[in-house]
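# Close look at the chain arrangement
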Amino acid sequence: MLIWLSSFYKVYKPYIALFRFLFVLIALQVAGSVKVSLYNEPRLPATITPYHYDIKLITHLDDLSNLRYNGSVNISLLAQKSTNQVVLHVANVSIGGKSIKLYGETSDYHLMNVRFNKLRDYMVLTFNKPLKMGKSYVLSIEFGRSMSRKKEDGYLVLHYMNARTSKKVWYSVSRFHRNFIRNTMPTFDEPALRATFNVTMGHHRRFQSYSNMHVRAVLPNLELQDYVWSVHEVTPLMPTHLLAFSVNNFTCRFTQAISANPVRIRTCSKSSDVRETAFAAEKAPQLLQFLDGLLQVRLPLDKIDQLVVDDFPSSAIENFGMVVYRSRDILQREDGLMSRAKLQALQLVATQMAHMWFGNLMGIDWWSDLWLREGLTGYFEALAADHLQPGMGRRMLLRCRETAFMYESQVDGMSLAPLFPPASPESEEHLFQKATSLIGMLNGFLGNATFYDGLQRHLWQNSFATSTADLFWRSLQLANERQSAKPKDWDVKAIMDTWITQKGYPLVTVIREGRKITLFQSQAIKESGTKLWWIPLTYFIQHETSNEDLKPRAWLTPLNDRLQLDEEVPQDRWILLNLRAIGYYRVNYDEHTWKLLAKKLFDDFRSIHVLNRAQIVSDVLFLWKHELISWNTALNVLKYIIDEDEYEPLMAFVVGVTHGLWGVSPESSFYIAKWLGIAGKWYAEFISYTFDKFVFQDVNWNSLDYPD
């Protein structure tokens, strides 16, 4: 055998080199024929994470025929795994292909190819050798494009008319709504990817630059005459969609939040609107100061800019240290009586100030958790508004609850854990309203001490980072265990999962058997499924000493959908469930209890809390529509409404009739309620007219007409 191999080697030795060459050639051809697929996952790969952006951007507003910007970004990267590809987001912006450079420990990184996944807005860069795990790199890219008023552009150009010269004055402002910054510049555009930003804005010297942080220096531009560089301070860690900048010549007024961490607030607009920015300028520091004291978590900011612009694509957008409002939604004089327009402006400012903590300081891991951010924001904006305008917060929360109820009835229920993106902006808005209602219920059954203990620690632990619903439930669970002893099966996550993951909401039904009261739960919306909820039961029995405690006295659970109360209730006394309508559920009573409640409302309706009166009105109209109570029962309960003089029950009545019985949309129902509230005396006429239809006519509610 060895002799044969030796002979083979001698014969074919001259050809071995040729064989090796052919083998390598074939291997290369096979490798080349295997096409590397374009990265197409819904989220960026975890191989590379950014930690700093150095942005230089010049905005050209002097040539009206060529409004444009151009710039460069140096992104500091950390390689989490070895890879020769960098995937980031780029959409409708021009990229200088030859400008793309990668710098590391050595300078011999060369770009092999650039590919684009237009479906995912990805730019895939392939380099000649891998980025090594644990090493830092800098990716440099030049970009730019012409500017327009399209909201999708992210960085917009707008104008106003100069009152003295009647000429257009152009200015720029960013609106980096979800996924819009990728239309302005290349970024790693995901909410969990937080980084610091060093923004340097180039502009004509007659303008000034605004961004998330203060301008720390203004330097001459040695290449463009009459242009300067405004160098801003470095931001805290934040996601790309919170970046903001603007170039304008606005006039500003200054206010300050008085707290342990004073924050200067600069409210800026075109000069002709400055007097009407007074309301937002005065209310913003008051709201910020209230939230700072309530949440006990310091913001890493010493300034917030409020820009008021004409024709902005949305009512407002908040960014870390900079808020932009649409002028028609915010401009109000500080003096004069509190009007409806001022209340709406107050709510708008409260929303943006609450976002400084929920969304900016603490973010979300992915957009599917947006409901948690917006639910917390909605709840705390109501508390803040109520602090400045007593009674306003409860109206805001009641509206969230009622609107969410109505929308759930329309769509056969909605879950707060949907696939992203949502079906429509309308459905997303109602998701947030339901989330706000559930945060209020959560605060109610935990109690203030436990709720704020858990929330404050959660904010501390997740500042400059992201959170998820499960992490939030865990923080509250630990706070609950610190504050008080609960049964072992009382678990925040288990409770809230039944409300977050399931569609619809429950109906709690009261049954009397002598002096015993039995409660059971069922689906209020029959089409939404068969699952059940953990329901915190708050109730008040007539002649008890107090009905102020919103902590649950009992629970209905998915494992025990029926419960007999420990208390006995005499036949001549009523029981009232869901105190202050804190729970996200409806209540149906037995016929006898409805009669007792109707008598109490007719004789002395003010002895029942205004929010419970609103809940009763809403529930009765819903129950009658779904044939769960009789015509006579509904009429008997609602007859007191003629004497009602507070907004919440009257709103519930108008909305319940116009939407629940006439089929008007939830939004239109609230517009009608608002209009009637403005009209004053017409509230009473509407109610009288409705009762005439109730009592004297057999009505087809789908074709009910308005009076002449």
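Report on the accompanying structure. (Residues numbered from 1 in each chain as written. Predicted model: local features only at pLDDT ≥ 70, side-chain atom pairs only at ≥ 80, totals over all residues. Heavy atoms only, no water.)

As for its position among the elements, Arg401 is in helix H7 (residues 392–411). For Arg401, a relative accessible area of 3% puts it in the buried group. Within polar-contact distance, the side chain of Arg401 engages the side chain of Glu402 at 3.1 Å. (Helix = DSSP H or I, 4+ residues; strand = E, 2+ residues; numbered from the N terminus. Buried < 20%, exposed > 50% of the residue type's maximum accessible area, 1.4 Å probe, protein only. Polar contact = N/O pair within 3.5 Å; in protein donor to acceptor, adjacent residues only side chain to side chain.)

A word on the layout of surface pockets. The volume enclosed by the second largest pocket comes to roughly 700 Å³. Considering the residues around the second largest pocket, the lining is formed by 27 residues, among which Tyr379, Leu397, Leu550, Ile582 and Leu611 are closest to the centre. For the lining of the second largest pocket, the elements supplying multiple residues, two or more each, are helix H6 (370–388), H7, helix H8 (425–446) and helix H9 (448–461). Examining the composition of the lining of the second largest pocket, we find that 6 residues originate from one element, H8, more than from any other. Classifying every residue of the lining of the second largest pocket gives 13 nonpolar, 10 polar and 4 charged. (1 Å grid on protein atoms, 1.4 Å probe; cavity = no way out; pocket = protein on both sides within 12 Å on 5 of 7 lines; lining within 4 Å. Points joined across faces, edges and corners; volume = space filled by probe spheres on them. Nonpolar A, V, L, I, M, F, W, Y, C, P; charged D, E, K, R; others polar.)

Once their charged atoms are close, side chains differing in charge can pair, the charge on each being opposite to the other. Within the structure shown, the criterion is met by 36 salt bridges. A salt bridge links Glu374 to Arg373; its shortest N-O distance comes to 2.7 Å. Salt bridges linked by common partners bring Arg394, Arg395, Arg613, Glu644, Glu646 and Glu648 together as one network. (Salt bridge = Lys/Arg side-chain N within 4 Å of Asp/Glu carboxyl O.)

What follows is about helix H12 (residues 591–604). Because an α-helix completes one turn every 3.6 residues, residues spaced three or four positions apart along the sequence face the same direction. With 14 residues, H12 should cover 20 Å at 1.5 Å per step; its first-to-last C-alpha distance of 20 Å lies within 8% of that length. On its buried face, H12 sits against strand E23 (506–513), strand E29 (575–577), strand E30 (586–588), helix H13 (610–625) and helix H14 (631–638). Measuring from the backbone nitrogen of His592 back to the side-chain oxygen at the start of H12 gives 3.2 Å, which picks out Asp590 as the cap. (Expected span 1.5 Å × (residues − 1). Contact = heavy atoms within 4.5 Å.)

Turning next to the packing of aromatic side chains. Taken as a whole and judged by the stated rule, the model has 29 aromatic pairs. A centroid spacing of 6.4 Å and a plane angle of 15 degrees characterise the contact between Phe380 and Phe451, whose relative ring orientation is stacked. Residue Phe380 is located in helix H6, and its partner Phe451 is located in helix H9; the two are separated by 71 residues in the primary sequence. Judged by relative accessible area, which is 0%, Phe451 ranks as buried. Put simply, the rings of Tyr69, Phe143, Tyr155, Phe176 and Phe245 touch in pairs and so form one group of aromatic residues. Lying across the ring of Phe622, Arg586 places its NZ or CZ 4.3 Å from the centre. One residue, Lys639, lies across the ring of Phe602, its end atom 5.0 Å from the ring centre. (Phe/Tyr/Trp six-rings, centres within 6.5 Å; stacked < 30°, edge-to-face > 60°. Lys NZ or Arg CZ within 6 Å of the ring centre and 35° of its normal.)

What follows covers the sheet that holds strand E9 (residues 155–161). The antiparallel open sheet is built from 4 strands, whose spatial order is E9-E10-E15-E12. With partners counted over all chains shown, the strands left at the sheet margins are E9 and strand E12 (208–211), one partner each. On average, each strand axis in the sheet is tilted by 20 degrees relative to the strand beside it, whichever way the strands run. (Pairing = 2+ DSSP bridges. Axes fitted to C-alpha atoms, helices over the stretch in contact; angles between N-to-C directions.)

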